Amino acid sequence: MAFEGRDALSELSFRDGIMDRIRLRERRYDERAYLFVLAGLEYCQQRLDERRHITGQELAQGCRDLALERFGVMSRLVLEHWGIRSTSDIGHIVFTLVELGMLLSQPNDTRQDFEDVFDFDQVFERDYPWCAGIGVTG
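Residues numbered from 1 in each chain as written. Predicted model: local features only at pLDDT ≥ 70, side-chain atom pairs only at ≥ 80, totals over all residues. Heavy atoms only, no water.

Draft legend 1. Broad picture of helix α3 (residues 31-46). Compared with an ideal rise of 1.5 Å per residue, which puts 16 residues at 22 Å, α3 spans 23 Å between its outermost C-alpha atoms and is within 8% of the ideal. The buried count for α3 comes to 13 of 16 residues, which makes it a mostly enclosed element. For α3, the side-chain oxygen to backbone nitrogen distance between the N-cap and R32 is 2.7 Å, and the N-cap itself is D30. (Helix = DSSP H or I, 4+ residues; strand = E, 2+ residues; numbered from the N terminus. Expected span 1.5 Å × (residues − 1). Buried < 20%, exposed > 50% of the residue type's maximum accessible area, 1.4 Å probe, protein only. Polar contact = N/O pair within 3.5 Å; in protein donor to acceptor, adjacent residues only side chain to side chain.)

Set out below in structure tokens:
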């Protein structure tokens, strides 16, 4: 699976009617969830030597890494507040953006590419560095 952003979307341009179009299609996620997934896509691209399509698994993992970098121990709480509770939610957001023409996908890309890429509880709770140091288990 691969995705490329068509344009660099600023928060300002994102508000100019785009969220209205998104809300008509999908109401589960906060506006910031869409902005975060787009930021995750750019985060993935910046880690590459040259721009290319990003797989669903790569994007989910990039979103994980970006959340941990930006929000640390609060990552899960922030993402869940925005409606992102699993990697499948990232896929739903991506495909809403694809359907609206804001992202491009390949013909073999599917929502299933985002399913169970990682477990939120495992990544944001049990594997978080502070848990390992104090012996916290899920």
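Now, onward.
Draft legend 2. Looking closely at the packing of aromatic side chains. Under the defined criterion, the tally for this structure stands at 7 aromatic pairs. Ring centres of F36 and W82 lie 5.9 Å apart, and the angle between their planes is 50 degrees; this geometry places the pair in the tilted category. With F36 in helix α3 and W82 in the loop between α5 (75-81) and α6 (87-99), the pair connects residues that are 46 residues apart, well separated along the chain. Its relative accessible area of 3% is what places F36 among the buried residues. By relative accessible area, which is 10% here, W82 ends up buried. An aromatic cluster of three or more residues is present, and its members are F36, F71 and W82. The residue whose ring lies beneath R64 is F118, and the NZ or CZ to ring-centre distance is 5.6 Å. (Phe/Tyr/Trp six-rings, centres within 6.5 Å; stacked < 30°, edge-to-face > 60°. Lys NZ or Arg CZ within 6 Å of the ring centre and 35° of its normal.)

Draft legend 3. How the structure looks around the packing of α3 against α6. Between α3 and α6, the least distance of the axes is 10 Å, while the angle of their chain directions is 90 degrees. On the basis of the axis angle, α3 is roughly perpendicular to α6. The segment α3 lies against α6, with A33, Y34, V37 and L38 engaging I90, I93, V94, T96 and L97. Class assignment for the residues of the contact of α3 with α6 results in 8 nonpolar, 1 polar and no charged. (Axes fitted to C-alpha atoms, helices over the stretch in contact; angles between N-to-C directions. Parallel < 35°, antiparallel > 145°, perpendicular 65-115°, else oblique. Contact = heavy atoms within 4.5 Å. Nonpolar A, V, L, I, M, F, W, Y, C, P; charged D, E, K, R; others polar.)

Draft legend 4. Summary view of the confidence of the model for the protein chain. Looking at the protein chain, the pLDDT average stands at 85 and 80% of residues meet or exceed 70. Note that pLDDT drops below 50 for residues 1-12; the model gives that stretch 44 contacts with residues more than four away or on any other chain. (pLDDT = per-residue confidence, 0-100.)

Draft legend 5. Spotlight on the state of the cysteines. The full count for this structure, using the stated rule, is 0 disulfides. Considering cysteine sulfurs only, C44 is the nearest to C63, which forms no disulfide, with 6.5 Å between them. A residue is classified by how much of its surface remains accessible, and C63, at 1% relative accessible area, is buried. (Disulfide = S-S within 2.5 Å.)

Draft legend 6. Just the nonpolar core, in detail. Grouped together as the largest cluster of nonpolar side chains are 37 residues, with contacts concentrated most on L59, I84 and V94. Of all the secondary-structure elements, those providing two or more residues to this core are α2 (18-25), α3, α4 (56-71), α6 and α7 (120-126). Ranked by residue count, the leading element in this core is α3, at 9 residues. Residues contacting L59, with those up to four places away along its chain left out, are V37, G40, L41, C44, I54, V94 and F114. (Core = buried A, V, L, I, M, F, W, Y, C linked by side-chain atoms within 4.5 Å.)

Draft legend 7. Representation of the pattern of salt bridges within the structure. Within the structure shown, the criterion is met by 11 salt bridges. Between R52 and E58 there is a salt bridge whose closest N-O contact spans 2.8 Å. On the accessibility criterion, R52 (35% relative accessible area) is partly exposed. Its relative accessible area of 25% is what places E58 among the partly exposed residues. (Salt bridge = Lys/Arg side-chain N within 4 Å of Asp/Glu carboxyl O.)

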